[in-house]
Amino acid sequence: MGRICIVTADITRLKVDAIVNAANSTLLGGGGVDGAIHRAAGAELLAYCRTLGGCPTGESRITPGFNLPAQWVIHTVGPVWQGGDQDEPGLLRDCYVNSFKLATEQGCRTIAFPAISTGVYGYPKRKAAIEALSVMGDWHDRFDEITACCFSQSDADLYHALCPKCLVGD
Ligand code: APR
């Protein structure tokens, strides 16, 4: 039965089968975790992404990790928070579900997610964590380890408060 692990880390440094990128619909890079992943992966990632023709909100696309320690990058486009009545929860859940689907199709056994949509896209962190952990709970038996990769201790504390049984990784 797979573990759900909460860490505070730079996702570009995690040696897992797949890391998930909080991208935008162009898939051509940006700031935040998207920018960090493209910088760490190198120029080949952007060149590969140019061939994908973008990605709608809620969907995911997989690419090699190139210079990253992770073998694969799963790019997903989270919803922009608009108050919660534009199906943001459903679209956010779709990001996690569609990323898990691509990861299982690729044979991945370990996967790490950033807190999708909670930065530039303004999704309230706690609401997003509830959706993320709910979908992770649905999929954890199909992976050896699912990592919620937080970028601050306060984010990690929030995740852990919502999931006391989750492992706390370093
Ligand atoms: N490792 C892990 N998490 C990170 C990292 C990193 N290196 N850098 C940022 N984060 C965290 C942020 O702190 C936030 O909790 O990722 C989460 C998502 O924030 P954003 O990267 O801003 O992503 P999002 O809110 O989904 O907005 C996506 O921002 O960068 C652009 O091109 C991207 O247009 C897209 C939009």
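Residues numbered from 1 in each chain as written. Predicted model: local features only at pLDDT ≥ 70, side-chain atom pairs only at ≥ 80, totals over all residues. Heavy atoms only, no water.

For the coordinates displayed, the defined rule picks out eight salt bridges. Between Asp 10 and Arg 13 there is a salt bridge, and its shortest N-O distance comes to 3.8 Å. Here Arg 13 falls in the exposed class, since its relative accessible area comes to 66%. A salt bridge links Arg 61 to Glu 59; the nearest nitrogen and oxygen atoms lie 3.1 Å apart. (Salt bridge = Lys/Arg side-chain N within 4 Å of Asp/Glu carboxyl O. Buried < 20%, exposed > 50% of the residue type's maximum accessible area, 1.4 Å probe, protein only.)

Here we take up the state of the cysteines. Going through the model one piece at a time under the given rule, you end up with one disulfide. Put simply, Cys 163 and Cys 166 are joined by a disulfide, and their sulfur atoms are 1.9 Å apart. Linking Cys 163 and Cys 166, the disulfide has an S-S dihedral of approximately 75° and is accordingly described as right-handed. Residues Cys 163 and Cys 166 agree in their burial class; the two are buried. (Disulfide = S-S within 2.5 Å.)

What follows is about the packing of aromatic side chains. Tallied over the full model, the rule gives six aromatic pairs. Ring pairs connect the aromatic residues Tyr 96, Phe 100, Phe 113, Trp 139 and Phe 143, which therefore count as one cluster. (Phe/Tyr/Trp six-rings, centres within 6.5 Å; stacked < 30°, edge-to-face > 60°.)

Moving on, we come to the sheet that holds strand S1 (residues 3-8). Spatial ordering of the open sheet is given by S3-S4-S2-S5-S6-S1-S7, a layout of seven strands whose pairing is mixed. Because the sheet does not close on itself, it has two edges, and the strands there are strand S3 (60-64) and strand S7 (167-168). (Pairing = 2+ DSSP bridges. Helix = DSSP H or I, 4+ residues; strand = E, 2+ residues; numbered from the N terminus.)

This part takes up the site of the ligand. Looking at the ligand, there are 22 residues lining it, with Asn 24, Gly 31, Val 33, Asp 34 and Gly 119 nearest. Between the ligand and the protein, one listed contact pairs a nitrogen atom with a side-chain N or O atom of Asp 10 at 3.0 Å. Contact between the ligand and Val 33: an oxygen atom at 2.8 Å from a main-chain N or O atom of the residue. Broken down by secondary-structure element, the contributors of at least two residues to the shell around the ligand are strand S2 (18-23) and helix H1 (32-41). The biggest single contributor to the shell around the ligand is H1, with four residues. Grouping the constituent residues of the shell around the ligand by class yields 10 nonpolar, eight polar and four charged. (Near = heavy atom within 4 Å. Polar contact = N/O pair within 3.5 Å; in protein donor to acceptor, adjacent residues only side chain to side chain. Nonpolar A, V, L, I, M, F, W, Y, C, P; charged D, E, K, R; others polar.)

A few words now on the nonpolar core. Within soluble globular proteins, side chains that are nonpolar tend to cluster in buried spots. Judged by nonpolar contacts, the single largest core of 33 residues is most densely connected at Tyr 96, Phe 100, Ile 111, Phe 113, Met 136 and Tyr 159. When contributions to this core are tallied by element, the ones reaching two or more residues are S1, S2, strand S4 (72-77), helix H3 (88-105), strand S5 (110-113), helix H4 (125-139), strand S6 (145-150) and helix H5 (153-162). The element best represented in this core is H4, accounting for seven residues. If sequence neighbours within four positions are ignored, Tyr 96 has contacts with Phe 113, Pro 114, Ala 115, Ile 116, Ala 132, Val 135, Met 136 and Tyr 159. Residues Leu 45, Ala 70, Val 73 and Ala 112 belong to the second largest nonpolar core, which totals 19 residues. (Core = buried A, V, L, I, M, F, W, Y, C linked by side-chain atoms within 4.5 Å. Contact = heavy atoms within 4.5 Å.)

Further remarks concern H5. For H5, every residue scored as buried is listed here: Asp 155, Ala 156 and Tyr 159. Along H5, the residues classed as buried sweep out an arc of 100° about the axis, all on the same side. Across from the buried face of H5, at angles greater than 90 degrees, the exposed residues are Ser 154 and Ala 161. Buried residues belonging to H5 abut S1, H3, H4 and S6. (Arc of directions from axis to C-beta.)

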